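These are the residues of each chain, in order.
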Amino acid sequence: MACQGGNTKYGWYFYLPGAQEQIIYSPELVAQALTVNSIVPAPINPVSCTNTSDTGFTYVVSALTGVPA
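Residues numbered from 1 in each chain as written. Predicted model: local features only at pLDDT ≥ 70, side-chain atom pairs only at ≥ 80, totals over all residues. Heavy atoms only, no water.

Draft legend 1. Quick peek at the overall build of the chain. When helices and strands are counted, the chain shows zero helices and four strands. For the chain, the succession of helices and strands along the chain, N to C, is β-β-β-β. Out of the 69 residues in the chain, the part that is buried amounts to 14%. Contacts in the chain between residues far apart in sequence, at least 24 positions, make up 29% of those at least 6 positions apart. A total of about 5900 Å² of accessible surface is found on the chain, and carbon and sulfur atoms cover 58% of it. (Helix = DSSP H or I, 4+ residues; strand = E, 2+ residues; numbered from the N terminus. Buried < 20%, exposed > 50% of the residue type's maximum accessible area, 1.4 Å probe, protein only. Contact = heavy atoms within 4.5 Å. Areas by Shrake-Rupley, 256 points an atom, 1.4 Å probe, with all protein chains shown as cover.)

Draft legend 2. Expanded view of the packing of aromatic side chains. Applying the stated rule across the entire model yields one aromatic pair. Here F57 and Y59 contribute two aromatic rings whose centre-to-centre distance is 6.4 Å and whose plane-to-plane angle is 45°, an arrangement assigned as tilted. A relative accessible area of 44% means that F57 is categorised as partly exposed. (Phe/Tyr/Trp six-rings, centres within 6.5 Å; stacked < 30°, edge-to-face > 60°.)

Draft legend 3. Spotlight on the pairing of strand β3 (residues 33-39). Within β3, five of the seven residues are buried, leaving the element largely enclosed by the surrounding structure. Pairing geometry for strand β1 (residues 22-23) and β3, over two bridges, is antiparallel. Each residue of the ladder has a partner; that of I23, found in β3, is S38. Summarising the sheet, strand β2 (residues 28-30) and β3 pair through three bridges and their orientation is antiparallel. From the neighbouring strand, L29 faces β3, where its bridge partner is L34. Between the end of β2 and the start of β3, which pair antiparallel, lie two residues, with A31 showing a positive phi angle near 50°. (Pairing = 2+ DSSP bridges.)

Draft legend 4. Focus on the environment of L34. Residue position: L34 is located in strand β3. The exposure class assigned to L34 is buried, which follows from its relative accessible area of 18%. Taking the C-alpha atoms as reference points, L34 and V60, 26 residues apart in sequence, are found 5.5 Å from one another.

Quick look at the structure:
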């Protein structure tokens, strides 16, 4: 069933800047600000002696507009 009035938009989404960056935690809404954490998996290189760790970012955006807070 199609929406009436031509409204075909059901929310918004993020273009994550990091290679292989993922949102794996539930977002939280605090005072109309949506906070979400991402993770960027560390590269796997079995022949390297370097021990790298996963990294990530915290994003906070307005829940009403999607604009960074």
